[in-house]
Structure formats: C-alpha cells, structure tokens
Amino acid sequence: MDFPVSWDELHRNARALSLRLLDKGPWKGIIAITRGGLVPAAILAREMDIRLIDTICVVSYGKSDKGGTQARQGELNVLKTVEGDGEGMLLVDDLVDTGKTARYVRELLPKAHFATLYAKPAGKPLVDTFITEVSQDTWIRFPWDMAYTFATPLADQEK
C-alpha cells in the first residue's frame with residue numbers, strides 16, 4: 001500500500017514532533033540519519049532553536065528497478081559516523097521500517113534520543129518518540145521522492 005506524504009503534512013508532523021521533544025530536553029544538538037533524516041532535522045532545528053547539527057551517513061536502501069520507483073533494503077553501508085555515545089543528542093530519521101538501520105545506530109549512539117516522523121511495527125520498539133504509526137506493508141512516498149504529474153480522472157481510467 002502506498003502512503004503519499006505532502007510537504008505540508010511532513011512539515012506539520014515535524015512541528016508536532018518538535019512539540020513532543022521540547023519538554024524532553026535540553027538538547028545539545030541533532031544527529032540526522034542521511035538522507036531521510038535531513039529534512040525533519042532541519043525543521044526540528046528551527047523549531048527547537050538547535051544550532052549544532054551533525055550527520056551519520058548510512059545507506060540501507062538501493063533501487064530495485066530501472067525507473068528507481070521501487071527500493072529494496074540491502075546491507076548497511078556506513079559512509080560517516082559521529083563521535084561519542086549520543087548523550088544529550090537527538091537522533092533523527094524520517095522513518096523506522098524494519099529496524100535494521102535503527103538497531104545499528106542505536107548501538108553506536110546508545111544514549112541518544114531516537115525520534116522519527118513515522119514508525120512501522122518492526123522498528124517501533126527502537127524509537128523513543130514518533131508521530132505516526134503505519135502498517136509494515138505500507139510504502140511511504142516522501143515529497144522529495146515524488147513529482148507533480150497529470151492524473152487521469154477515474155472515469156477515464158480503464159477498468
């Protein structure tokens with residue numbers, strides 16, 4: 001099942017996440033898990049007045065078709081990590097899916113507070129704070145992965 005997320009919805013959810021996290025601070029900074037965590041981290045940084053932002057760069061999804069519309073999770077490839085155990089830091093990603101990436105970054109940064117916008121059941125136990133839970137078989141379509149195109153009216157579509 002596809003779950004398209006608009007820029008407005010993503011921004012609204014990131015602001016809601018900021019509200020939940022403000023009282024849990026103070027925070028030293030944010031560590032965004034790239035690339036999905038970059039946009040939510042930017043919004044959280046603005047809303048929570050956090051200026052220290054770092055990244056942990058992990059690749060776990062690759063294209064599984066020529067058009068790049070489908071992705072599959074493969075082996076983790078860590079391109080960049082951060083120092084320390086995460087104490088006082090927010091670890092931010094757009095989504096926790098199977099928990100594979102989350103488990104890895106949790107081991108690296110056990111004292112960080114892990115926050116995501118969306119959580120699926122398999123990864124949900126690894127996250128400290130999230131906004132929306134979706135089913136495991138849902139594919140979230142983030143706005144940076146979509147383009148506006150013409151949609152054929154339902155009455156004109158072949159059955």
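Residues numbered from 1 in each chain as written. Predicted model: local features only at pLDDT ≥ 70, side-chain atom pairs only at ≥ 80, totals over all residues. Heavy atoms only, no water.

### A word on the nonpolar core
Right, on to step 1. With 24 residues, the main nonpolar core has Leu21, Ile30, Leu44 and Leu90 as its most contacted residues.
Right, on to step 2. The set of elements that each furnish at least two residues to this core consists of helix H1 (7-22), strand E2 (29-34), helix H2 (38-48), strand E5 (89-96) and strand E6 (113-119).
Right, on to step 3. Sorting elements by how many residues they give to this core places H2 first, with five residues.
Right, on to step 4. When neighbours within four sequence positions are excluded, Ile30 is seen to be in contact with Ala41, Leu44, Ala45, Ile50, Leu52, Ile53, Asp54, Met89, Leu90 and Val92.
Right, on to step 5. In terms of nonpolar packing, the next biggest core, distinct from the first, is built from 17 residues, Ile31, Val82, Val96 and Phe130 among them. (Core = buried A, V, L, I, M, F, W, Y, C linked by side-chain atoms within 4.5 Å. Buried < 20%, exposed > 50% of the residue type's maximum accessible area, 1.4 Å probe, protein only. Helix = DSSP H or I, 4+ residues; strand = E, 2+ residues; numbered from the N terminus. Contact = heavy atoms within 4.5 Å.)

### Let's talk about the pattern of salt bridges
Right, on to step 1. A full pass over the atoms with the stated rule returns nine salt bridges.
Right, on to step 2. Its salt-bridge partner being Arg15, residue Glu47 comes within 3.3 Å of it at the nearest N-O pair. With a gap of 32 residues between them, Glu47 in helix H2 and Arg15 in helix H1 connect regions that are remote in the sequence.
Right, on to step 3. Take Arg15: its relative accessible area is 43%, and that puts it in the partly exposed class.
Right, on to step 4. With its nearest N and O atoms 2.9 Å apart, the salt bridge here joins Asp128 to Arg106. Pair noted here: Asp128 is in the loop between E6 and strand E7 (129-133) and Arg106 is in helix H3 (residues 100-108), with a separation of 22 residues, a long-range link.
Right, on to step 5. Counted as one network, the salt bridges with shared partners bring together Arg15, Arg46 and Glu47. (Salt bridge = Lys/Arg side-chain N within 4 Å of Asp/Glu carboxyl O.)

### Topic: the packing of aromatic side chains
Right, on to step 1. On inspection of all chains with the given rule, the structure shows four aromatic pairs.
Right, on to step 2. Considering the side-chain rings of Phe3 and Tyr118, the 6.2 Å spacing of their centres and the 70° angle between planes classify their relative orientation as edge-to-face. Of the two residues, Phe3 sits in strand E1 (residues 2-4) while Tyr118 sits in strand E6, which places them 115 residues apart along the sequence.
Right, on to step 3. Relative accessible area serves as the criterion here: at 22%, Phe3 is assigned to the partly exposed category.
Right, on to step 4. The structure contains a cluster of three or more aromatic residues connected by ring pairs, namely Phe3, Trp7, Tyr118, Phe142 and Trp144. (Phe/Tyr/Trp six-rings, centres within 6.5 Å; stacked < 30°, edge-to-face > 60°.)

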